[in-house]
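Fold and contact review
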Protein chains: 4
Amino acid sequence: MPKEEFNPELAQQLAVANRILVAQSVLDTFGHVSVRDSLHKDRFLLARNMAPGAVRAEDIIAYDLDSKPIDAGGRSSYLERFIHGEIYRTHPEVNAVVHSHSASIIPFGTTDVPLKPIYHMASFLGAGAPIFEIREAGGDATDLLISNNALGKALAAKLGNAPVMLLRGHGDVAVGTSLRQAIFRAVFAEVNAKIAAQALLIGRGHANFLNEGESMAAAKTIDSQVARALELWESEALASMS
Amino acid sequence: MPKEEFNPELAQQLAVANRILVAQSVLDTFGHVSVRDSLHKDRFLLARNMAPGAVRAEDIIAYDLDSKPIDAGGRSSYLERFIHGEIYRTHPEVNAVVHSHSASIIPFGTTDVPLKPIYHMASFLGAGAPIFEIREAGGDATDLLISNNALGKALAAKLGNAPVMLLRGHGDVAVGTSLRQAIFRAVFAEVNAKIAAQALLIGRGHANFLNEGESMAAAKTIDSQVARALELWESEALASMS
Amino acid sequence: MPKEEFNPELAQQLAVANRILVAQSVLDTFGHVSVRDSLHKDRFLLARNMAPGAVRAEDIIAYDLDSKPIDAGGRSSYLERFIHGEIYRTHPEVNAVVHSHSASIIPFGTTDVPLKPIYHMASFLGAGAPIFEIREAGGDATDLLISNNALGKALAAKLGNAPVMLLRGHGDVAVGTSLRQAIFRAVFAEVNAKIAAQALLIGRGHANFLNEGESMAAAKTIDSQVARALELWESEALASMS
Amino acid sequence: MPKEEFNPELAQQLAVANRILVAQSVLDTFGHVSVRDSLHKDRFLLARNMAPGAVRAEDIIAYDLDSKPIDAGGRSSYLERFIHGEIYRTHPEVNAVVHSHSASIIPFGTTDVPLKPIYHMASFLGAGAPIFEIREAGGDATDLLISNNALGKALAAKLGNAPVMLLRGHGDVAVGTSLRQAIFRAVFAEVNAKIAAQALLIGRGHANFLNEGESMAAAKTIDSQVARALELWESEALASMS
């Protein structure tokens with residue numbers, strides 16, 4: 001079996017995922033999205049080091065769980081590919097990872113105001129959205145990037161079973177059992193952060209968030225509706241790529 | 001008379017309504033808009049379970065007031081169709097219903113800051129914008145969705161004669177005697193929420209809202225001008241659909 | 001001389017002005033812009049009652065200073081045309097008037113926080129931006145619209161020599177000695193309101209506004225640069241109309 | 001050697017830079033970007049006085065360090081060209097200068113809230129972002145414009161080694177050793193200001209900014225990734241110009 005072999009359809013789905021996340025203002029010219037390889041569970045697919053808004057299937061590279069490219073063919077890799085490798089290693093149930101600098105989420109990682117679900121669409125946040133403080137794992141003079149396996153391991157450990165984790169002074173990570181679920185969570189975590197911030201401002205620090213029971217119930221229901229959003233986004237992304 | 005019969009022009013108007021509400025940032029990939037059937041007053045039209053931004057006339061399904069499809073033809077239905085059925089049953093004067101996750105309105109449903117008319121375009125809000133707290137009707141561990149007739153009935157009762165009702169942790173409902181009026185109210189309720197929030201922030205909790213007399217007078221005048229907005233939005237939506 | 005005669009080039013410029021103000025988020029489907037007739041100084045030109053985003057030269061109607069159409073040819077008129085007629089009557093130096101529901105400006109009309117110039121581009125605001133409280137002229141149960149000559153006269157009197165006036169619970173008026181100047185002021189008053197609000201929020205009620213000397217000096221300089229913005233906006237608007 | 005000679009490729013890059021900065025909401029119809037001439041280190045290139053969104057290579061003029069055009073050919077110059085000339089004279093390491101009215105940055109120049117890096121992408125701000133108060137150099141009744149060499153000299157002195165400087169009541173300046181670096185800094189300073197403001201609002205005046213060690217480390221790393229953003233922006237700008 002050739003080293004680089006992976007499902008070409010999955011690579012195309014990942015290219016589409018990049019375009020969706022740019023269109024939905026989750027990724028800008030930075031950040032990245034990966035998917036666990038369907039043929040080798042100890043590999044994942046990720047674009048070469050480039051702006052996600054231009055990614056095509058031919059830009060996809062396969063990596064092992066040490067985040068080493070199987071066969072990069074001279075193409076350069078994202079500095080933070082270790083986020084992906086270590087999450088896939090630590091969390092076998094995770095099959096897709098989005099790392100972004102979502103503008104509305106960053107403030108919650110830099111204050112003591114927790115990011116909680118303000119509406120049902122982001123009820124998955126009820127399962128928690130921990131903050132990864134890189135100073136604990138890397139000291140207080142890092143460049144904030146998850147640029148090696150040790151930092152990746154610390155980040156993956158902190159994630160636990162949460163669907164979303166904030167990286168202080170940096171951005172966030174959203175994971176899913178599928179590419180569609182990870183995209184959905186990345187998008188609605190950003191929307192939720194924007195709405196929650198506005199609620200906290202007009203409510204002078206107080207807002208009525210979903211409680212635990214509501215979050216659990218709503219997360220299950222909303223999860224069954226992910227396709228409604230993704231089908232439209234995928235068709236729009238495909239149209240923009242042709 | 002065949003079971004599914006309804007005015008094809010009305011189905012097309014409803015498809016256009018979906019597109020307008022997406023273009024005006026009231027609906028995203030979720031939410032829905034319905035219209036009372038012009039041929040059977042005990043039926044209403046609603047798109048199949050899909051993102052509103054892609055709805056076409058052929059996606060429209062007729063429902064009875066129990067929110068059961070007359071003939072879905074294998075197509076799936078929105079989980080929250082009961083919002084529509086029960087409002088049409090309880091409020092015979094209502095002929096159109098928009099349910100959305102309007103981003104600027106949600107904060108007002110999760111704080112004790114009431115949504116009031118900050119300018120004449122949303123003077124219809126002077127008639128009240130109650131908050132539906134699902135915990136009262138469904139207990140404190142629902143998924144927040146109006147997914148059965150009992151919840152729909154409670155919601156329709158709470159609505160009363162109000163043009164708009166906020167759903168805590170969820171979104172809102174805007175109704176009208178016509179599709180155009182419901183669209184107009186949904187759009188300007190969202191704009192009003194954005195402006196009112198900003199006024200409350202710079203005014204540190206205080207803003208000079210329309211009083212009752214002004215609201216009543218302005219609502220009547222503005223209602224006579226609905227066509228000005230709708231004619232443009234309809235022509236833009238039609239252009240985007242072709 | 002036929003009753004309706006006016007310069008067709010001026011009507012086209014006014015149609016373009018409508019499109020610019022929509023593109024710059026000053027007008028939405030409501031609001032209007034007028035220009036004093038170049039052939040009859042006691043007349044002004046204004047679109048028929050329609051959304052400004054669709055106005056073409058053939059939609060322009062001439063009005064006298066009582067805001068009566070010279071020859072409407074069956075076309076309906078804006079309810080608030082009296083804003084324009086009475087300003088042109090009271091202020092001979094004014095040759096163009098924009099009335100809008102600029103979203104960032106409305107909050108300043110409903111709080112006791114004055115709209116002042118936060119940067120040089122809106123230094124014209126240093127000449128004052130009074131608030132028109134319709135309750136003083138029309139009582140406390142009006143529909144807030146300037147729908148007759150008496151209210152128009154009160155509004156024109158309150159304007160004084162100011163370039164911009166806020167209408168509480170409604171919007172604002174921007175005037176100019178030329179169509180280009182009025183457009184420029186309407187656009188940068190809106191941008192200024194957005195920036196000033198943000199400055200007041202992060203500054204907790206305090207911001208370093210332009211002082212009187214700076215405002216006067218900057219207003220003169222910036223006025224000489226109006227064409228830089230307008231040339232681009234006009235060419236973009238013309239492209240969108242063809 | 002003809003007076004006006006400069007690298008035509010550099011002029012095209014500068015035209016593209018103008019378009020990028022408009023697309024990224026750093027420049028509107030005002031502001032400008034310059035680059036030091038590659039053939040004569042005591043000259044710089046800058047568009048003629050026009051809206052940056054329409055600049056093409058043929059609109060570029062060469063200036064000496066007194067900000068006098070080498071051969072304007074009858075074309076008019078920006079009133080504030082002295083910003084560029086004096087920065088190039090004082091700071092030999094600077095090869096590109098962006099001057100803009102970035103909307104999210106202006107508030108920080110008008111309050112006592114410093115603009116600091118809230119995330120790694122703007123870690124260059126850790127090197128400082130001083131505020132230029134024109135009242136110190138020009139008195140308290142200027143038009144706020146840097147319209148002569150004396151004001152330009154004062155501004156260039158205040159800049160020091162900072163990558164970005166705020167101009168109170170006006171906007172900001174971002175510099176770089178290359179055109180790409182200056183663009184990158186101008187864009188992410190604006191994004192950072194928006195995120196930092198939101199963090200300060202929800203954090204009620206407190207946010208966890210990057211510390212000095214993090215800023216220094218991250219600035220070095222991020223600087224190595226500038227091409228990722230610029231390659232996409234350049235290709236999008238070129239597509240919009242054809």
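Before going into details, it helps to say that this report is about the structure given with it. Remember, it's a predicted structure, so these values are computed and weren't measured experimentally.

Focus: the overall build of chain A
- When helices and strands are counted, chain A shows 8 helices and 7 strands.
- Relative to a compact globule of 242 residues, whose C-alpha radius of gyration would be 18 Å, chain A shows 17 Å and is just as compact.
- In terms of overall dimensions, chain A has C-alpha extents of about 55 × 45 × 30 Å along its principal axes.
- The buried share among the 242 residues of chain A stands at 61%.
- Pairs at least 24 apart in sequence give 68% of the contacts found in chain A among residues at least 6 apart.
- Entry remark: accessible area of chain A is about 8400 Å², with carbon and sulfur atoms responsible for 52%.
- Taken as two groups, the 22 positive and 27 negative side-chain charges of chain A have centres that lie 1 Å from each other.

Considering the interface of chain C and chain D
- Listed by partner, the interface residues are 30 residues for chain C and 35 residues for chain D.
- Carbon and sulfur atoms make up 65% of the area that chain C and chain D hide from each other, which totals about 2700 Å².
- Interface area lost by chain C to chain D is led by I202, E214 and R228 of chain C, which between them contribute 27%.
- At the junction of chain C and chain D, the tally comes to 2 salt bridges.
- E214 of chain C is paired through a salt bridge with R168 of chain D; the nearest N and O atoms lie 2.7 Å apart.
- Across the chain C-chain D interface, the total number found is 10 residue pairs in polar contact (both at pLDDT 80 or more).
- Elements represented by at least two residues in the side of chain C that touches chain D include exactly helix 6 (179-202), helix 7 (212-223) and helix 8 (226-241) of chain C.
- The leading source of residues in the side of chain C that touches chain D is helix 6 of chain C, at 7 residues.

Details of a positive patch on the surface
- On the surface, a cluster of positive charge is contributed by K194 of chain A, K194 of chain B, K194 of chain C together with K194 of chain D.
- Turning to its location among the elements, K194 of chain A is positioned in helix 6 (residues 179-202).

Some words on the sheet that holds strand 3 (residues 60-64) of chain D
All names here are of chain D.
- An order of 3-2-1-4-7-6-5 is seen for the 7 strands of this open sheet, with the pairing classed as mixed. In this open sheet, the two strands that pair with only one neighbour each are strand 3 and strand 5 (131-132).
- Relative to strand 2 (residues 43-47), strand 1 (residues 32-36) is paired through 3 bridges, and the arrangement is antiparallel. Across the sheet, the residue bridging to S34 is L46, located in strand 2.
- The strands that helix 6 (residues 179-202) touches are strand 1, strand 4 (96-100), strand 6 (164-167) and strand 7 (171-176); relative to strand 7, the one it contacts most, it runs at about 145°.

Digging into the sheet that holds strand 1 (residues 32-36) of chain C
Residues and elements named next belong to chain C.
- Read from one edge of the open sheet, 7 strands run 3-2-1-4-7-6-5, paired in mixed fashion. Sheet topology places strand 3 (60-64) and strand 5 (131-132) at the edges, where each strand pairs with a single neighbour.
- Strand direction decides the pairing type here: strand 5 and strand 6 (residues 164-167), joined by 2 bridges, are parallel. Bridged to I131 within strand 6 is L166.
- Those strands touched by helix 6 are strand 1, strand 4 (96-100), strand 6 and strand 7 (171-176), and its axis lies near 145° from that of strand 7.

Brief notes about the interface of chain D and chain A
- On the side of chain A, 35 residues touch chain D, which itself brings 30 residues to the contact.
- Where chain D abuts chain A, roughly 2700 Å² becomes buried across the two surfaces, and 64% of that area is made up of carbon and sulfur atoms.
- Contact with chain A buries area across many residues of chain D, yet I202, E214 and R228 of chain D alone supply 28% of it, more than any other trio.
- At the junction of chain D and chain A, the tally comes to 2 salt bridges.
- At the boundary of chain D with chain A, the tally comes to 10 residue pairs in polar contact (both at pLDDT 80 or more).
- Looking at the side of chain D that touches chain A, the elements with two or more residues in it are helix 6, helix 7 (212-223) and helix 8 (226-241) of chain D.
- No other element matches the 7 residues that helix 6 of chain D contributes to the side of chain D that touches chain A.
- Here the residues of the side of chain D that touches chain A sort into 18 nonpolar, 9 polar and 3 charged.

Re the environment of N208 of chain D
- Summarising the element assignment, N208 of chain D is placed in the loop between helix 6 and helix 7.
- Distance in space between the C-alpha atoms of N208 of chain D and Y119 of chain D is 9.6 Å, their sequence separation being 89 residues.
- Not counting residues within four places of it along the chain, the set of residues in contact with N208 of chain D comprises T110, E133, R135 and R168 of chain A together with I118 of chain D.

Quick look at the relation of the copies chain D and chain A
- For the pair chain D and chain A, the superposition axis carries a translation of 0.0 Å, the fit reaches an RMSD of 0.0 Å, and the rotation angle comes to 90°. Within this description, the copies of the chain are treated as partners about a four-fold rotation axis. Among all residues of chain D, the one whose C-alpha sits closest to the rotation axis is L201 of chain D, at a distance of 5.2 Å.
- The overlap is low: 7% of the interface residues of chain D also sit at the interface in chain A, so different surfaces are used on the two sides.

Brief notes about unusual backbone geometry
- A positive phi angle, near 50°, is found at R204 of chain C, a position not held by glycine.
- Looking at the secondary structure, you find R204 of chain C in the loop between helix 6 and helix 7.
- Unusually for a residue other than glycine, L144 of chain D sits at a positive phi of about 75°.
- Relative to the helices and strands, L144 of chain D is located in the loop between helix 4 (134-138) and helix 5 (149-159).
- The class of L144 of chain D is buried, set by a relative accessible area of 2%.

What about the relation of the copies chain C and chain D?
- Least-squares fitting of chain C to chain D yields an RMSD of 0.0 Å, with the superposition described by an axial translation of 0.0 Å and a rotation of 90°.
- The overlap is low: 7% of the interface residues of chain C also sit at the interface in chain D, so different surfaces are used on the two sides.

A look at the arrangement of the chains
- Structurally, chain A and chain C remain out of contact, their C-alpha atoms never closer than 10 Å.
- A minimum C-alpha distance of 10 Å separates chain B and chain D, which share no contact.

Looking at the pattern of salt bridges
- Under the criterion given, the structure shown has 32 salt bridges over all chains.
- Residue R89 of chain D is joined to D66 of chain D by a salt bridge in which the shortest nitrogen-to-oxygen separation is 2.7 Å. Highlighted residues: R89 of chain D in helix 2 (residues 81-90) and D66 of chain D in the loop between strand 3 and helix 2, separated in sequence by 23 residues.
- Residue R89 of chain D is classed as partly exposed on the basis of its relative accessible area of 36%.
- We note a salt bridge from E86 of chain D to R89 of chain D, for which the minimum N-O separation is 3.1 Å. One end of the pair, E86 of chain D, and the other, R89 of chain D, are both in helix 2, 3 residues apart, so they sit about a helical turn from each other.
- For E86 of chain D, a relative accessible area of 0% translates into the label buried.
- One salt-bridge network, held together by shared partners, links D66, E86, R89 and K153 of chain A.

Rules used throughout
- Residues numbered from 1 in each chain as written.
- Chains lettered and ligands numbered in written order.
- Predicted model: local features only at pLDDT ≥ 70, side-chain atom pairs only at ≥ 80, totals over all residues.
- Heavy atoms only, no water.
- Helix = DSSP H or I, 4+ residues; strand = E, 2+ residues; numbered from the N terminus.
- Rg over C-alpha atoms; globule rule 2.2 N^0.38 Å.
- Buried < 20%, exposed > 50% of the residue type's maximum accessible area, 1.4 Å probe, protein only.
- Contact = heavy atoms within 4.5 Å.
- Areas by Shrake-Rupley, 256 points an atom, 1.4 Å probe, with all protein chains shown as cover.
- Lys, Arg positive; Asp, Glu negative; His and termini not counted.
- Charge placed at Lys NZ, Arg CZ, Asp CG, Glu CD.
- Buried area = accessible area lost by both parts, 1.4 Å probe.
- Salt bridge = Lys/Arg side-chain N within 4 Å of Asp/Glu carboxyl O.
- Polar contact = N/O pair within 3.5 Å; in protein donor to acceptor, adjacent residues only side chain to side chain.
- Patch = residues over 30% accessible without salt bridge, like charges linked within 9 Å, V, L, I, M, F, W, Y side chains within 5 Å.
- Pairing = 2+ DSSP bridges.
- Axes fitted to C-alpha atoms, helices over the stretch in contact; angles between N-to-C directions.
- Nonpolar A, V, L, I, M, F, W, Y, C, P; charged D, E, K, R; others polar.
- Least-squares fit on C-alpha atoms with pLDDT ≥ 70 in both.

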